[in-house]
Amino acid sequence: MRRACATHNYERGVDLVAIQQMLRHWTVSSAMRYVRPYATFIEDAYQRAVAATLVELTGKDTTA
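The structure reproduced in this document is the subject of the present report. (Residues numbered from 1 in each chain as written. Predicted model: local features only at pLDDT ≥ 70, side-chain atom pairs only at ≥ 80, totals over all residues. Heavy atoms only, no water.)

## Side note on helix H4 (residues 39-58)
Right, on to step 1. Between its first and last C-alpha, H4 extends 28 Å over 20 residues, near the 28 Å set by a 1.5 Å rise per residue.
Right, on to step 2. One or two residues past the end of H4 sits Gly 59, with phi positive at roughly 80°. (Helix = DSSP H or I, 4+ residues; strand = E, 2+ residues; numbered from the N terminus. Expected span 1.5 Å × (residues − 1).)

This is the structure in structure tokens:
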């Protein structure tokens, strides 16, 4: 139940420090043991980061 709650909140954009406090852990690293994002979430985040970096470097939006 803790893993599902932590993962769900993380994928919804909740800050890791907030998740740490919600789980009542002393460190973020101990709370991270409960966060298990899906592979598609990681792939989507990677694609968004690459696209944002390209826009910043080239000044052109390639998503259109």
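## Focus: the side chain of Ser 30
Right, on to step 1. As for its placement among the helices and strands, Ser 30 is situated in helix H3 (residues 28-32).
Right, on to step 2. Polar side-chain contacts of Ser 30 include one of 3.0 Å to the side chain of His 25.
Right, on to step 3. Polar contacts involving the side chain of Ser 30 include one to the main-chain carbonyl oxygen of Thr 27, which spans 2.8 Å. (Polar contact = N/O pair within 3.5 Å; in protein donor to acceptor, adjacent residues only side chain to side chain.)

## Description of the packing of helix H1 (residues 2-11) against helix H2 (residues 16-23)
When two helices pack together, their arrangement is given by the angle between their axes and by how far apart the axes lie.
Right, on to step 1. Close contact between H1 and H2 brings their axes to 10 Å; oriented N to C, the two are set at 155°. Taken together, the axes of H1 and H2 are roughly antiparallel relative to one another. Crossing hand, H1 versus H2: right-handed. Listed contacts from H2 to Arg 2, Cys 5, Ala 6, Asn 9 and Tyr 10 of H1 are Leu 16, Ile 19, Met 22 and Leu 23.
Right, on to step 2. Per-class residue counts for the contact of H1 with H2 are 7 nonpolar, 1 polar and 1 charged. (Axes fitted to C-alpha atoms, helices over the stretch in contact; angles between N-to-C directions. Parallel < 35°, antiparallel > 145°, perpendicular 65-115°, else oblique. Left-handed = near helix turned anticlockwise from the far one by under 90°. Contact = heavy atoms within 4.5 Å. Nonpolar A, V, L, I, M, F, W, Y, C, P; charged D, E, K, R; others polar.)

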